[in-house]
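Summary of structural features
Below, each chain spelled out in residue letters.
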Amino acid sequence: MSTVLKGSCLCHGIQYEVRSELGAIMQCHCQKCRKANGTAFATNAAIPTEAFVFLEGESLVGEYESTPGVFRTFCTRCASPLYSRRPSQPELLRLRIGTLDTQIEGRPAMHIFAASKAEWDTIADDVPQYDERPA
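Thresholds applied
- Residues numbered from 1 in each chain as written.
- Predicted model: local features only at pLDDT ≥ 70, side-chain atom pairs only at ≥ 80, totals over all residues.
- Heavy atoms only, no water.
- Phe/Tyr/Trp six-rings, centres within 6.5 Å; stacked < 30°, edge-to-face > 60°.
- Buried < 20%, exposed > 50% of the residue type's maximum accessible area, 1.4 Å probe, protein only.
- Lys NZ or Arg CZ within 6 Å of the ring centre and 35° of its normal.
- Pairing = 2+ DSSP bridges.
- Helix = DSSP H or I, 4+ residues; strand = E, 2+ residues; numbered from the N terminus.
- Axes fitted to C-alpha atoms, helices over the stretch in contact; angles between N-to-C directions.
- Disulfide = S-S within 2.5 Å.
- Salt bridge = Lys/Arg side-chain N within 4 Å of Asp/Glu carboxyl O.

Let us now look at the packing of aromatic side chains. Taken as a whole and assessed by the stated rule, the structure comprises three aromatic pairs. Judged by centre distance (5.0 Å) and plane angle (80°), the rings of F52 and F54 are edge-to-face. Looking at F52, the relative accessible area reads 10%, which means it is buried. On the accessibility criterion, F54 (19% relative accessible area) is buried. Stacked on the ring of F71, the Lys or Arg R85 has its end atom at 4.5 Å from the ring centre.

Our next topic: the sheet that holds strand β8 (residues 81-85). Judged by pairing direction, the sheet is mixed, and its seven strands sit side by side in the order β6-β7-β8-β9-β4-β3-β10 without closing on themselves. Single-partner strands in this sheet number two, and they are β6 (61-67) and β10 (108-112). Neighbour-to-neighbour, the strand axes of this sheet turn through a mean angle of 30°, independent of strand direction. Pairing of β8 with strand β9 (residues 92-96) involves three bridges; the strand directions are antiparallel. Looking across to β9, one finds that Y83 is bridged to L95.

Going through the model one piece at a time under the given rule, you end up with zero disulfides. Summary of cysteine pairing: C75 is not part of a disulfide, and the nearest cysteine sulfur, belonging to C78, is at 3.7 Å. With relative accessibility at 1%, the residue C75 sits in the buried group.

If you trace the three strands from one edge of the open sheet to the other, you get β1-β2-β5, paired in antiparallel fashion. Two strands close off the open sheet at either side, each with one partner strand: β1 (5-8) and β5 (52-56). This sheet shows a mean twist of 30° between the axes of neighbouring strands, independent of strand direction. As paired elements, strand β2 (residues 15-18) and β5 share four bridges and run antiparallel to each other. Bridged to Q15 within β5 is E56.

Right, let's talk about the pattern of salt bridges for a bit. Evaluation of the coordinates by the stated rule reveals three salt bridges. Residue R85 is joined to E63 by a salt bridge in which the shortest nitrogen-to-oxygen separation is 2.6 Å. With R85 in strand β8 and E63 in strand β6, the pair connects residues that are 22 residues apart, well separated along the chain. E63 gets classed as partly exposed once you look at its relative accessible area, which sits at 37%. Each member of the salt-bridge network shares a partner with another, and the members are K6, E17 and R19.

Scope: geometric values only; no functional claims are made or implied.
Next up, the structure:
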């Protein structure tokens, strides 16, 4: 088998595996990601939908449609954000990599929606910044 990454929510009620490599790691500074995570940005990586496998706690999963066609998935017990999905892109999930338990080598490849970052936040690295999500 190729790469297997393990992850869980804060309360460990949900445990999962990602049975693939991570896509590019992005730090999203849009207002919805800030609100959904309670932080200056969300750190996400795209993964194939079929690579995400629940090991425990699938009954604890909740979803919220934050924008038409964008569903944010979280633990209903501890509120940890897990991933977002779009029915228009059924092959792809955007994993919240802060829920990974397996250490990874990858580093952020870009900051997206940097034009709408919080006024109190400073991006202090040399990772490329984009006003929106690049095509």
